[in-house]
Amino acid sequence: MSAPLRHATFSLMSYSRYRCIKTATLERQTNLCFWNTNLPSLDLSCYLMSYRFYCQCYRYLRRSSKINKSKVALLPRNNRNNLSTDACTPRYVLGIETSCDDTGAAVVDYHGNIIGEALNSQTRIHVEMGGIIPIIARDLHKQNIANVVDEAIKNAKLSNQDIEAIAVTTEPGLALSLFIGVNHAKMLASKYRKPVIPIHHMEAHALTVRMVERVEFPYLVLLVSGGHCLLALAQDVNKFLLLGRGLDDSPGDAFDKTARQMKLKNLKECAGLSGGEAVELMAKTGNPKSFQFPGVLSQNRDCNFSFSGLKFHAKNLIFQEELKQGIDGGNVLPNAGDICASFQDGIVKHLLHRIRRGLLYSELKQLLPAENKTLVLSGGVASNMYIRQEIENLCQHFNCRLVCPPPKLCTDNGVMIAW
Ligand code: KG4
Ligand code: ZN
């Protein structure tokens, strides 16, 4: 099986790497304040899953482990039909996710049914430690990976032999964490003679929704997570047009740092929650109009994102409020709810501004079908119900359908990698 799979892998290399769209004339004509230069859009899949990436991946998977020197076949995500020649054979893919702080594994069949899954979240430990420490994340992945994978296969009532391929997150993420998942996938692939499918974490977030709802290409997708913020046009399983990206901190990081600065973990109701979940919970008790957060990149004629300004504004505000109210040690401000609500609202306003531009641009360039416009919202931050509701309101205005995976599939998990 390995020879044809290798050919399939390398056929991906023929993609052109960058593509630009000329926008200037139309923008000026319609006076919509759009990009005044050529839009620096990239074909995300070509950019992310380039020749170099596959070569590196291939070499990495072959050399990284001393466990087994035998060959491991690599399979591109969009070419899974190579897996089995017998159409009657049920096809199961094992997905392994260790890009950040969740050890996830799942078995999914070819129709997108989840056959078995298991997850070990490190959130509680990292919140206690005050942030993700890569070495600790790695050690926890190391401790749990075998159990999590075995549990997923056991829940699926299958054996390792029944799995046809092993999909594993290869990028982006914490190098030390990724290594554990990739190494485990390679070990299983060598032992059971299975091919490995390298998966891009953000692409997995962008496609998960198609497991739970019928969403046709092309659709607009906003990925808001602990590491990234991307607005892209999903044109196919492996073809994305990047419209906007984060220029600095991710929205998840802004949520996590703000929650930490406010010491929300010390509140009984926030114990064990991620920073974003804690801020969302506290925001329900506050007034979003209590504090004014600055508009972000409002003059920029593109769809890029920036969250560092909002994060630092929150940091200063908390510092000033604590000083004013004489709060010290591990105590939490009595008006923490108001700060959380205002901060969350600031994040939403920025997201809405950029999505609005993305939708207008897509309309102008007829990138989305006029009668069936869809925006997919995914990534850990997309599990925030306030953010969902506000984006839903905007979408209604544009006659666009908003689709979000259930919160469980928005945060990191093995299912999105196996699918
Ligand atoms: O996608 P994800 O699970 O991991 C990465 O790929 O980064 O996202 C994790 C991020 C964390 O920063 C967490 O604080 C944030 O998603 N998050 C939330 C919510 N739940 C998780 N942010 C806002 N509101 C939430 N309800
Ligand atoms: Zn993620």
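Quick caveat: nothing in here was measured; it's all calculated off a predicted structure. (Residues numbered from 1 in each chain as written. Chains lettered and ligands numbered in written order. Predicted model: local features only at pLDDT ≥ 70, side-chain atom pairs only at ≥ 80, totals over all residues. Heavy atoms only, no water.)

Chemist: Could you give me a rundown of the coordination of the zinc ion (ligand 2), with the residues and numbers involved?
Modeler: Protein ligation of the zinc ion (ligand 2) involves His201 (NE2), His205 (NE2) and Asp412 (OD), the donor distances falling in the range 2.1 to 2.2 Å. The sequence motif formed by the donor residues of the zinc ion (ligand 2) is H-x3-H-x206-D. Pair noted here: His201 is in helix 8 (residues 201-207) and Asp412 is in the loop between helix 15 (407-410) and helix 16 (415-418), with a separation of 211 residues, a long-range link. For His201, a relative accessible area of 5% gives the class buried. (Donors = N, O, S within 2.8 Å, 3.2 Å for Na, K, Ca; no water. Helix = DSSP H or I, 4+ residues; strand = E, 2+ residues; numbered from the N terminus. Buried < 20%, exposed > 50% of the residue type's maximum accessible area, 1.4 Å probe, protein only.)

Chemist: I'd like a rundown of the nonpolar core, residues and numbers included.
Modeler: Formed by 61 residues in total, the largest nonpolar core has its most connected members in Leu222, Leu264, Phe343, Leu351, Leu375 and Ile391. Among the elements that line this core, the one with the most residues is helix 13 (residues 336-364), at 13 residues. Those residues within four positions of Ile391 in sequence are excluded, and the remaining contacts are Leu222, Leu352, Ile355, Leu375, Leu377 and Leu402. Core analysis: the next-biggest nonpolar cluster, separate from the first, contains 24 residues, Leu74, Ile153, Leu158 and Tyr192 among them. (Core = buried A, V, L, I, M, F, W, Y, C linked by side-chain atoms within 4.5 Å. Contact = heavy atoms within 4.5 Å.)

Chemist: Outline the pairing of strand 4 (residues 165-171), supporting the account with residue identities and numerical values.
Modeler: For strand 4, the buried fraction is high: six of the seven residues fall into the buried class. Relative to strand 4, strand 1 (residues 92-97) runs parallel, the two sharing four bridges. Within strand 4, the position partnered with Ile96 by the bridge is Val168. Looking at chain direction, strand 4 and strand 5 (residues 196-200) are connected through five bridges and run parallel. Bridge pairing links Thr169 to Ile199 in strand 5. The parallel pair strand 4 and strand 5, bridged by helix 7 (residues 175-192), forms a crossover whose chirality is right-handed. (Pairing = 2+ DSSP bridges. Right-handed = clockwise from strand over helix to strand, strands pointing away.)

Chemist: I'd like a description of the site of ligand 1, backed by residues and values.
Modeler: Residues in contact with ligand 1 amount to 21 residues; listed here are only the nearest, Gly226, Asp256, Glu280, Gly380 and Asp412. Contacts to ligand 1 include Asp256, whose side-chain N or O atom sits 2.6 Å from an oxygen atom. Residue Ser383 places a side-chain N or O atom 3.3 Å away from a nitrogen atom belonging to ligand 1. In the complex, the protein chains occlude 91% of the 550 Å² of accessible area that ligand 1 would expose alone. When residues of the shell around ligand 1 are traced back to their parent elements, those giving at least two are helix 8, helix 10 (251-261) and helix 11 (275-283). Looking at the shell around ligand 1, the element that brings in the most residues is helix 11, giving four residues. (Near = heavy atom within 4 Å. Polar contact = N/O pair within 3.5 Å; in protein donor to acceptor, adjacent residues only side chain to side chain. Areas by Shrake-Rupley, 256 points an atom, 1.4 Å probe, with all protein chains shown as cover.)

None of this, on its own, says anything about what the molecule does.
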